Amino acid sequence: MKRILFQLFLLISVAAVAVGVTRAYFSDQGASTNNTFAAGTLDLKLSDDNETVADSITESIGGSNMAPGGTPVTGIIKFRNSGTIVGHDLAIAVTNTCSATGMAKYLKLTKLIYGSNNLLTTALQDVNRNGILDLDDWASLNDGAGIEGLTLADLDVDHALTIGVQLDTSTPNTFQGQHCVVTIRGTLTQATPQ
Ligand SMILES: [Ca+2]
Ligand SMILES: [Ca+2]
């Protein structure tokens, strides 16, 4: 009898351990939602003496009836960052589309100033080695990237590029009546392209 009671007690003890004791805990949660990560913008806009800030402007500089050695024509293009992220470097490239091959070599740059930076002495090079700094030099400078590393590191502030162009005195007679159409394109980046 004693042995049976003992075994019964053992059985109940094991059963109690196996079932365990159920216990509840209070809990609570909180969350932070809508944590958004959005990219800002670099937004290069241009203006000139008859157009307000826009992605693209036209006829900022040009001349008709140009004669070799005649009075240079001038124009101003202003560049600004209308975006939300401050940029750093502006590159300004040109492409020349001429009715006669080689004419851009005779479109001499008499003035090229960005802010207080005289680009004729600091940036442009006589790439085509014809003795003058011209629109053909600008087009082929830095493999077509143009003048690089100009500072544009603020928002909504105009940075003026002043350009003067003259038909050079050495322009051959064969270019009479010919013309070049020039596109001047700015590229704004956060840092110097590597
Ligand atoms: Ca214009
Ligand atoms: Ca040249």
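Structure report, in brief. (Residues numbered from 1 in each chain as written. Chains lettered and ligands numbered in written order. Predicted model: local features only at pLDDT ≥ 70, side-chain atom pairs only at ≥ 80, totals over all residues. Heavy atoms only, no water.)

### Quick word on the pairing of strand β3 (residues 73-81)
Direction of pairing for strand β1 (residues 44-48) relative to β3: antiparallel, over a ladder of four bridges. In the strand pairing of β3, K45 is matched with R80. (Pairing = 2+ DSSP bridges. Helix = DSSP H or I, 4+ residues; strand = E, 2+ residues; numbered from the N terminus.)

### A look at the sheet that holds strand β9 (residues 180-189)
The strands making up a sheet associate through backbone hydrogen bonding, with each pair oriented either parallel or antiparallel. Strand order across the open sheet formed by three strands is β7-β4-β9, with antiparallel pairing between neighbours. The two strands at the open ends of the sheet, each matched to only one other strand, are β7 (147-151) and β9. Strand-to-strand twist in this sheet, taken as the mean axis angle between neighbours without regard to direction, amounts to 30°. Where strand β4 (residues 89-98) lies against β9, ten bridges are found, and the strand directions are antiparallel. Of the residues in β9, the one forming a bridge with T95 is T183. (Axes fitted to C-alpha atoms, helices over the stretch in contact; angles between N-to-C directions.)

### Focus: the coordination of the calcium ion (ligand 1)
The protein atoms that coordinate the calcium ion (ligand 1) are D48 (OD), D48 (OD), N50 (OD1), E51 (OE) and T58 (O), at distances of 2.2 to 3.0 Å. Here the donor residues for the calcium ion (ligand 1) map to a single chain with the spacing D-x1-N-E-x6-T. With D48 in strand β1 and T58 in the loop between β2 (51-54) and β3, the pair connects residues that are ten residues apart, well separated along the chain. (Donors = N, O, S within 2.8 Å, 3.2 Å for Na, K, Ca; no water.)

### Digging into the coordination of the calcium ion (ligand 2)
Surrounding the calcium ion (ligand 2) are the protein donor atoms D126 (OD), N128 (OD1), N130 (OD1), I132 (O), D134 (OD), D137 (OD) and D137 (OD), at 2.2 to 2.7 Å. Here the donor residues of the calcium ion (ligand 2) are spaced in sequence according to D-x1-N-x1-N-x1-I-x1-D-x2-D.

### Observations regarding unusual backbone geometry
With phi around 45°, E59 is a residue other than glycine that occupies positive phi space. Tracing the chain through its elements places E59 in the loop between β2 and β3. We classify E59 as exposed; its relative accessible area is 72%. In the Ramachandran plot, N65 falls in the positive-phi region, its phi being about 55° despite a non-glycine side chain. Within the element layout of this structure, N65 appears in the loop between β2 and β3. On the accessibility criterion, N65 (83% relative accessible area) is exposed. (Buried < 20%, exposed > 50% of the residue type's maximum accessible area, 1.4 Å probe, protein only.)

### So, the pairing of strand β5 (residues 107-114)
Inspection of the sheet shows β5 paired to strand β8 (residues 159-167) by seven bridges, in the antiparallel sense. In the strand pairing of β8, Y114 is matched with L161. Sheet topology note: the β5/strand β6 (residues 117-118) ladder contains two bridges and is antiparallel. Residue I113 lies in a different strand from β6, and its bridge partner there is N118. Hairpin geometry of β5 and β6 is characterised by an intervening segment of two residues between the two adjacent antiparallel strands and by a positive phi of about 60° at G115.

### Digging into the sheet that holds β1
Ordered by their spatial adjacency, six strands build an open sheet running β2-β1-β3-β8-β5-β6, and the pairing between neighbours is antiparallel. Edge positions in the open sheet fall to β2 and β6, since each of these has one partner strand only. As judged from the two bridges shared by β1 and β2, these two strands associate in the antiparallel manner. Bridging across to β2, L46 finds its partner in A54.

### Considering the nonpolar core
Membership of the largest hydrophobic core comes to 35 residues, with the highest contact counts inside it found for L112 and W138. Each residue touching W138, except ones within four places of it in the same chain, is listed here: I92, A93, V94, L109, L112, L124, G146, I147, L161, I163 and I184. (Core = buried A, V, L, I, M, F, W, Y, C linked by side-chain atoms within 4.5 Å. Contact = heavy atoms within 4.5 Å.)

### Comments concerning the pattern of salt bridges
What the rule picks out here adds up to three salt bridges. Put simply, D43 and K45 hold a salt bridge, and the shortest N to O gap is 3.4 Å. The class of K45 is buried, set by a relative accessible area of 17%. Between D158 and R80 there is a salt bridge; the shortest N-O distance is 2.9 Å. With D158 in the loop between β7 and β8 and R80 in strand β3, the pair connects residues that are 78 residues apart, well separated along the chain. By relative accessible area, D158 is classed as partly exposed at 33%. (Salt bridge = Lys/Arg side-chain N within 4 Å of Asp/Glu carboxyl O.)

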